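One letter stands for each residue in the lines below.
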Amino acid sequence: MLDYENWDDTKVNSILAGNRDYFDILKWAYREYQKDIVYACSFGAEGIVLIDLIYKVDKEASIKFLDTGLHFPETYQLIEKVRQRYPTLKIEMVTPGISLKEQAKQHGGELWKENPNLCCQLRKVAPLKEAIAGAKAWITGLRREQSLSRSQTQYINKDDKFRKIKICPLIHWTWDEVLAYIALNKLPYNPLHDQGFPSIGCAPCTRPPQPGADSRSGRWAGLGKTECGLHQS
Ligand code: SF4
C-alpha cells in the first residue's frame, strides 16, 4: 500500500500511467485504502460532485464535514438533503474541541477578524487532524484553476501537514464542468452558488469574489488569507 511513510515516486508514476482520469483515481483510491480513506467534504459544488462519484464506488464511504458552528444555514440544509439522497454514506459532523463560547472567552468574540489563522487552526485544522488520524489517505475536491496556490496540485499528493496521502480527483475540472455535472445529474447544491458565491466556507469569512477575480478570492477577503490551512504545509 502507498502510504505517507513509504512514499514512492516510482509507484505513484505507475499508478498514474496510462492517462488515468478522475474516476480511475477514485476507484484506485478506494481499492487501495478500502476503509482507511476519508473524504473531508465542505459541501461546496465540488463536494457534491465528489459525493456523487464516491457513492458509485463505495456506498458506505466515510465523509467528514468540519462543522465550525459558523456555516451558512443553507450549508446545513444542503447536508440534510445529501443525507436523504445518499442514505448509506457515513456523513459525520466533526466539531472543534473548543466551543464558540469558550473561544470568545479566550480570544474575543470575533477571532475570525482578529486572527483568522488561529480561528481556522482551532475550528478546522486541529479537528481534521483528529478526524483523519486513523486513516491512511484523505480526499479533497481541490481544482487547479481555483487559485494559484492550487495550480500545482496532483491527483496523488504527499501531504506533509497531516502525514497522509491526499487524493484530489478533480484537479482538471473547470467550474463550468462542475456545474454541468450537477445540472445533468440533478444533484442538490447550495443555493448560494446562484447568488455569486463560487466558494463557500464559514459565513463570517465568505463574500462573493470581485468580477474577474479567482473563485476563492471572496474567502477571507481583505485579510490577506486564501486558505484555511488544510492545504498548506
Ligand atoms: S473560515 Fe473564518 S470563521 Fe471559519 S474557522 Fe476559518 S477564520 Fe474561523
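Structure's up top.
Residues numbered from 1 in each chain as written. Predicted model: local features only at pLDDT ≥ 70, side-chain atom pairs only at ≥ 80, totals over all residues. Heavy atoms only, no water.

(A) Main features of the overall build of the chain. In terms of helices and strands, the chain carries eight helices and six strands. A globule of 233 residues ought to have a C-alpha radius of gyration of about 17 Å, and the chain, at 17 Å, matches this closely. Counting across all 233 residues of the chain, residues that qualify as buried make up 50%. A separation of at least 24 residues holds for 69% of the contacts in the chain among residues at least 6 apart in sequence. Accessible surface, the chain: about 11300 Å² in total, of which carbon and sulfur atoms supply 49%. Measuring between centres, the 32 positive side-chain charges of the chain sit 2 Å from its 28 negative side-chain charges. (Helix = DSSP H or I, 4+ residues; strand = E, 2+ residues; numbered from the N terminus. Rg over C-alpha atoms; globule rule 2.2 N^0.38 Å. Buried < 20%, exposed > 50% of the residue type's maximum accessible area, 1.4 Å probe, protein only. Contact = heavy atoms within 4.5 Å. Areas by Shrake-Rupley, 256 points an atom, 1.4 Å probe, with all protein chains shown as cover. Lys, Arg positive; Asp, Glu negative; His and termini not counted. Charge placed at Lys NZ, Arg CZ, Asp CG, Glu CD.)

(B) Representation of the nonpolar core in the model. Counting 46 residues, the largest nonpolar core has Y39, F43, I51, I139, I156 and I167 as the members making the most contacts within it. Of the residues forming this core, the biggest block, eight residues, is contributed by helix α3 (residues 45–57). Sequence-distant contacts of I167, defined by excluding residues within four places in its chain, comprise I25, W28, A29, Y33, I37, W138, I139, T140, Y155 and I156. Judged by nonpolar contacts, the second largest core, of twelve residues, contains A40, L66, A131 and W138. (Core = buried A, V, L, I, M, F, W, Y, C linked by side-chain atoms within 4.5 Å.)

(C) Layout of the sheet that holds strand β5 (residues 156–159). Read from one edge of the open sheet, six strands run β3-β2-β1-β4-β6-β5, paired in mixed fashion. Since the sheet does not close on itself, it has two edges, and those belong to β3 (90–94) and β5, each with one partner. Mean inter-strand twist for the sheet, computed between neighbouring axes without regard to direction, equals 30 degrees. Pairing geometry for strand β1 (residues 37–40) and strand β2 (residues 62–66), over three bridges, is parallel. Looking at the pairing, A40 lines up with K64 of β2. α3 contacts β1, β2 and β4 (137–139) of the sheet and is inclined by roughly 150 degrees relative to β1. Here helix α7 (residues 116–131) sits on the sheet and contacts β1, β2, β3 and β4; the angle it forms with β2, its principal contact strand, is near 160 degrees. (Pairing = 2+ DSSP bridges. Axes fitted to C-alpha atoms, helices over the stretch in contact; angles between N-to-C directions.)

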